[in-house]
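Breakdown of the fold
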Amino acid sequence: GDSVTQTEGLVTLTEGLPVMLNCTYQTIYSNPFLFWYVQHLNESPRLLLKSFTDNKRTEHQGFHATLHKSSSSFHLQKSSAQLSDSALYYCALSRSNNRIFFGDGTQLVVKP
Amino acid sequence: EAAVTQSPRNKVAVTGGKVTLSCNQTNNHNNMYWYRQDTGHGLRLIHYSYGAGSTEKGDIPDGYKASRPSQENFSLILELATPSQTSVYFCASGASSYEQYFGPGTRLTVL
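All of these numbers come straight from a predicted model, not from anything done at the bench.

1. Thoughts on the interface of chain A and chain B
On the chain B side, the residues contacting the 20 residues of chain A number 21 residues. For the pair chain A and chain B, the summed buried area comes to about 1,700 Å², and 50% of that belongs to carbon and sulfur atoms. Taken together, the connections running from chain A to chain B amount to two salt bridges. R99 of chain A is paired through a salt bridge with D59 of chain B; the nearest N and O atoms lie 2.8 Å apart. Elements that contribute at least two residues to the side of chain A that touches chain B include exactly strand 5 (33-39), strand 6 (46-51), strand 10 (87-94) and strand 11 (100-102) of chain A. Ranked by the residues each element gives to the side of chain A that touches chain B, the list is headed by strand 5 of chain A, at four residues.

Shown next, in the form of structure tokens:
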């Protein structure tokens, strides 16, 4: 079945350093949508960015990700972490059946 | 942006009691979802709905029922609450599977 794997449960880094959160997925569907949702403390998840185009970079709020169907990956990156980026990040996958499959989430902690 | 509200925001229930969590959305989305969020498990889908009168089982439906009486409302029902159902519950809505809008969450404690 469809699934999403986020290998890091917790990522801790220093402000100003680059961010990379890993996401790989499994699906038999040839045209999946991939998403990153972000959830700040005591808030609800909200969409950060999404993509369905192979090898095209998608950007929003300083973050970017590129869907690579050849490697079934959709890693989230940012060139320079800010304290306000500390949050829980979910990678997610959908196809045409009206539901989204979420990974287990990666907690990002940015320290001064 | 979609408006999704949940009530109650906090609930303490007793083991064996009945709990109803309510969700309302005002943007005429066809699809609605109930998730629970637990540390280490992320967001797990309990039930979802494609429209009024329909409910579908998600990944962890045992111990939960759902009801979608109208386009706007989607309820999650725990007939016999257990301590293992202590969690944060999120409702979400969407016009398609391509984006979901989440409510503020309900923190449920079953004693």
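The rest of the description comes next.
2. Here's the deal with the packing of aromatic side chains
Inspection of the entire model under this criterion finds 15 aromatic pairs over all chains. Relative to F102 of chain B, the ring of Y37 of chain A has its centre 5.9 Å away and its plane inclined at 80°; by these criteria the two rings are edge-to-face. Here Y37 of chain A is found in strand 5, whereas its partner F102 of chain B is found in strand 10 (residues 99-102) on a different chain. A network of ring pairs unites the aromatic residues F33, F35, Y37, F52, Y90 and F102 of chain A together with Y33, Y35, Y48, Y50, F90 and F102 of chain B as a single cluster.

3. A few points about the state of the cysteines
Summed over the entire model, instances satisfying the criterion amount to two disulfides over all chains. Across the disulfide, C23 of chain A is cross-linked to C91 of chain A (sulfur-sulfur distance 1.9 Å). Looking along the S-S bond of the C23 of chain A-C91 of chain A disulfide, the torsion reads about -65°, which is the left-handed sense. One end of the pair, C23 of chain A, is in the loop between strand 3 (19-21) and strand 4 (24-26); the other, C91 of chain A, is in strand 10, and 68 residues separate them in sequence. Grouping residues by exposure puts C23 of chain A and C91 of chain A together as buried. Each sulfur in the disulfide pair C23 of chain B and C91 of chain B lies 1.9 Å from the other. What sets the handedness of the C23 of chain B and C91 of chain B disulfide is the S-S torsion sign, and at about -80° it is left-handed. In this pair, C23 of chain B is assigned in strand 3 (residues 19-25) and C91 of chain B in strand 9 (residues 87-96), connecting sequence segments 68 residues apart. A single burial state applies to C23 of chain B and to C91 of chain B, both of which are buried.

4. Observations concerning the sheet that holds strand 7 (residues 57-60) of chain A
All names here are of chain A. Strand order in the open sheet formed by four strands is 3-9-8-7, and the pairing between neighbours is antiparallel. Each end of this open sheet is capped by a strand with a single partner; those strands are strand 3 and strand 7. Taking each pair of neighbouring strands and ignoring which way they run, the sheet shows an average axis angle of 20°. As judged from the three bridges shared by strand 3 and strand 9 (residues 76-78), these two strands associate in the antiparallel manner. Bridge pairing in strand 9 places V19 opposite K78.

Scoring rules and cut-offs
Residues numbered from 1 in each chain as written. Chains lettered and ligands numbered in written order. Predicted model: local features only at pLDDT ≥ 70, side-chain atom pairs only at ≥ 80, totals over all residues. Heavy atoms only, no water. Contact = heavy atoms within 4.5 Å. Buried area = accessible area lost by both parts, 1.4 Å probe. Salt bridge = Lys/Arg side-chain N within 4 Å of Asp/Glu carboxyl O. Helix = DSSP H or I, 4+ residues; strand = E, 2+ residues; numbered from the N terminus. Phe/Tyr/Trp six-rings, centres within 6.5 Å; stacked < 30°, edge-to-face > 60°. Disulfide = S-S within 2.5 Å. Buried < 20%, exposed > 50% of the residue type's maximum accessible area, 1.4 Å probe, protein only. Pairing = 2+ DSSP bridges. Axes fitted to C-alpha atoms, helices over the stretch in contact; angles between N-to-C directions.

Nothing here speaks to function; it is geometry throughout.
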